[in-house]
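# Survey of secondary and tertiary structure
What follows is the residue order along each chain.
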Amino acid sequence: MSFVQLRSELFVLDTPPCHGLPGLKMTAKRYTTPISDSQGLTLLFAHGVGTHKEHWEPMLRYLFLHQNSGQLHSCIREAWSFDWLNHGDAAIINKAALERRPPGDVSVSEWAAAIASFIRSPYVRDHRLVGFGHSAGSSAIMLSTREFPLREQPFIALFLIEPSMLTPELWESHLVEEEAAIKKRMSAALHRRHVFDTREEAVNYFRGRKRWNELDPDVFNVFVEHGLHSVVTQNGSEKEIKLTLKCDRCHEAFAYQDIESHLEAIDQYTRICSAVPVHIVFGSKHDYVASYFQDCMMDVSQGRYPASVIRVPGTGHMIVQQAPEALARAITVGLNSITRDSTPHLLHRL
């Protein structure tokens, strides 16, 4: 399948103060194509821990390509993708400010407030917004809705992709296994090599690691292009130029400890279901998030009524990175249904 031309613009956005300190900067990209429709939907994307805003690009190319069908109910105006405030380009811009804060201090909730601030900005005034989040980004998108009255939500729909939300009760009942999983993820991040002499050396290293060798080739190329940056190091009396990850491994590791944000997000999801159609996309493999996370999201006995549940075969938690084309097809199903179906609570399976 050929791609449409994806045009992007980089933005550096102010965010609200936090902890009595000036707000950090949030970096974002706006994507359009030659077939973008000025009357169409504006899509907002939030990524997961350890990734960055550009990870959505391969999927976005496929998603925009589906607009060639000419069906007005699924047209897209533009897409915006945001960096978590200590990830991607934001980590570079905020480097000095982040050094004055402990690792893990930039919570999902702080990112959510930054996204809400953007939603109030002139950039998307009078736009028809659809929010998308992957993993921790799902909690960020969901928590951004707390900034608005329930019946005055800015989104016409939300898509949660492999969300990592859980109730306090389920968290406590699975405490041992969840704490063990967090410890394992933190250790992997903290012990990962993060400085390289050349880009080729970095490519060879990450291709040899499981998390990266399973990526779609286009996503891997995006990671190499946008996930690394050059730094000057001192070797005795000589300065050397090295490559390192934009997101400091300590910030990635301690992000896994931000449990409270995900517990708050499930409460907000329960409230928001009655006001906004919430579509959920799961992979078919429980390789990272246990099955009880999925059950929690679909527990109608607790008032959690997703507008649709879409399962993509052959993928797991890293669906954005592993199967961008299949994910784009799944999202298209959801976009079509939210704009043409009069009853939002439908169950779709891809």
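What comes next is a walk through the structure. (Residues numbered from 1 in each chain as written. Predicted model: local features only at pLDDT ≥ 70, side-chain atom pairs only at ≥ 80, totals over all residues. Heavy atoms only, no water.)

## Let's talk about the overall build of the chain
Under the convention used in this document: Under the scheme used here, helices are H or I runs from DSSP no shorter than 4 residues and strands are E runs no shorter than 2 residues, and both carry numbers assigned from the N terminus. The atom set for the radius of gyration is the C-alpha atoms, and the globule formula is 2.2 Å times the number of residues raised to the power 0.38. The cut-offs for exposure are 20% and 50% of the maximum accessible area for each residue type, with area from a 1.4 Å probe on protein chains only; residues under the lower value are buried, those over the upper are exposed, and the others partly exposed. Note on contacts: a residue pair is in contact if any heavy atoms of the two residues lie within 4.5 Å.
Helix and strand counts for the chain stand at 15 helices and 11 strands. Its C-alpha atoms give the chain a radius of gyration of 20 Å, within 12% of the compact-globule value 20 Å for 350 residues. Reported as C-alpha extents along the three principal axes, the dimensions of the chain are approximately 70 × 50 × 40 Å. Within the span of the chain, comprising 350 residues, buried residues form 55% of the whole. Sequence-distant contacts in the chain: of pairs separated by 6 or more residues, those separated by 24 or more amount to 78%.

## Comments concerning the environment of K285
Among the structural elements, K285 can be located in the loop between strand 10 (278-283) and helix 13 (291-297). Note on K285: relative accessible area 46%, which makes it partly exposed. Residues K285 and W212 lie 73 residues apart in sequence; the distance between their C-alpha atoms is 17 Å. Ignoring sequence-local partners within four residues, the contact set of K285 consists of G314, T315, G316 and H317.

## Comments concerning a negative patch on the surface
Under the convention used in this document: For patch building, the residue pool is restricted to those with more than 30% relative accessible area and no salt bridge; the joining distance is 9 Å between like charges and 5 Å between nonpolar side chains (Val, Leu, Ile, Met, Phe, Trp, Tyr). Per-residue accessibility takes into account occlusion by the displayed protein chains alone, with areas from the Shrake-Rupley method and a 1.4 Å probe. Any carboxyl oxygen of Asp or Glu that lies within 4 Å of a side-chain nitrogen of Lys or Arg is treated as forming a salt bridge with it. Positive charge is attributed to Lys and Arg, negative charge to Asp and Glu, and no charge count is given to His or to the chain ends. A charge is said to be at NZ when it belongs to Lys, at CZ for Arg, at CG for Asp and at CD for Glu.
The grouping of E169, E172, E179 and D267 at the surface amounts to a negative patch. Looking at the secondary structure, you find D267 in helix 12 (residues 259-272).

## Focus: the sheet that holds strand 2 (residues 25-32)
By way of backbone hydrogen bonds, the strands of a sheet pair with one another, either parallel or antiparallel. Put simply, the rule reads: Being paired, for any two strands, means DSSP has found at least two bridges between them. Orientation is described by lines fitted to C-alpha atoms, with helices fitted over the stretch in contact, and by angles between N-to-C directions that extend from 0 to 180 degrees.
Overall, mixed pairing links the eight strands, which are arranged 1-2-4-3-5-6-10-11 in an open sheet. Each edge of the open sheet carries a strand with a single partner, namely strand 1 (7-14) and strand 11 (308-312). Strand-to-strand twist in this sheet, taken as the mean axis angle between neighbours without regard to direction, amounts to 20 degrees. As defined by bridge partners, strand 5 (residues 128-134) adjoins strand 6 (residues 155-161) across six bridges and the pair is classed as parallel. By the bridge assignment, F132 is partnered in strand 6 with F159.

## Points about empty space enclosed by the protein
So the rule is basically this: Think of a 1 Å grid over just the protein atoms. A cavity is a set of points where a 1.4 Å probe fits yet cannot get out, a pocket is an open set with protein on both sides within 12 Å along at least five of seven lines, and lining residues have an atom within 4 Å of a point. Grid points are joined across faces, edges and corners, and a volume is the space filled by probe spheres set on the points. As a working rule, the residues Ala, Val, Leu, Ile, Met, Phe, Trp, Tyr, Cys and Pro are called nonpolar, Asp, Glu, Lys and Arg charged, and the rest polar, with Gly in that last group.
Under the counting rule described, the total for this entry stands at three cavities of 30 Å³ or more. Taken as a whole, the largest cavity holds about 110 Å³ of empty space. Lining of the largest cavity is provided by G50, T51, H52, G88, R192, W212, F223, G227, L245, K246, C247 and E252. When grouped by side-chain class, the residues that make up the lining of the largest cavity number four nonpolar, five polar and three charged.

## Overview of the nonpolar core
Note the cut-off: Here, nonpolar core means buried Ala, Val, Leu, Ile, Met, Phe, Trp, Tyr and Cys residues that are tied together by side-chain atoms lying within 4.5 Å of each other.
Core analysis: the biggest nonpolar cluster contains 60 residues, and M26, F82, W111, I115 and Y269 have the highest contact counts within it. No other element matches the eight residues that helix 4 (residues 108-119) contributes to this core. Apart from residues no more than four positions distant in its own chain, F82 is found in contact with L13, M26, T27, A28, L44, F45, H47, K53, W111, I115 and F118. Judged by nonpolar contacts, the second largest core, of 32 residues, contains L60, Y62, V281 and I331.

## Topic: the environment of V320
Relative to the helices and strands, V320 is located in helix 14 (residues 319-322). Accessibility expressed as a relative area gives 2% for V320, which makes it buried. Counting along the chain gives 263 residues from V320 to E57, while the straight-line C-alpha distance between them is 9.6 Å. Excluding residues within four positions of it along the chain, V320 makes contact with H55, W56, H134, I161, V219 and L327.

## As for the packing of aromatic side chains
The condition is simple: Stacked, tilted and edge-to-face pairs are distinguished by plane angle, under 30 degrees for stacked and over 60 for edge-to-face with tilted covering the rest, among Phe, Tyr and Trp rings (Trp via its six-membered ring) whose centres lie within 6.5 Å. We call a charge positioned above a ring when the Lys NZ or Arg CZ atom is no farther than 6 Å from the ring centre and deviates by at most 35 degrees from the ring normal.
Counted according to the given criterion, the structure contains 18 aromatic pairs. Ring centres of F11 and Y123 lie 5.4 Å apart, and the angle between their planes is 75 degrees; this geometry places the pair in the edge-to-face category. On the criterion of sequence distance, the pair formed by F11 in strand 1 and Y123 in the loop between helix 4 and strand 5 is long-range, its members being 112 residues apart. A relative accessible area of 34% means that Y123 is categorised as partly exposed. With a centroid separation of 6.3 Å and 55 degrees between ring planes, the pair formed by F220 and F223 is classed as tilted. Within this pair, F220 and its partner F223 are both found in helix 10 (residues 217-226), separated by three residues, close to a single helical turn. Stacked on the ring of Y288, the Lys or Arg R185 has its end atom at 4.1 Å from the ring centre.

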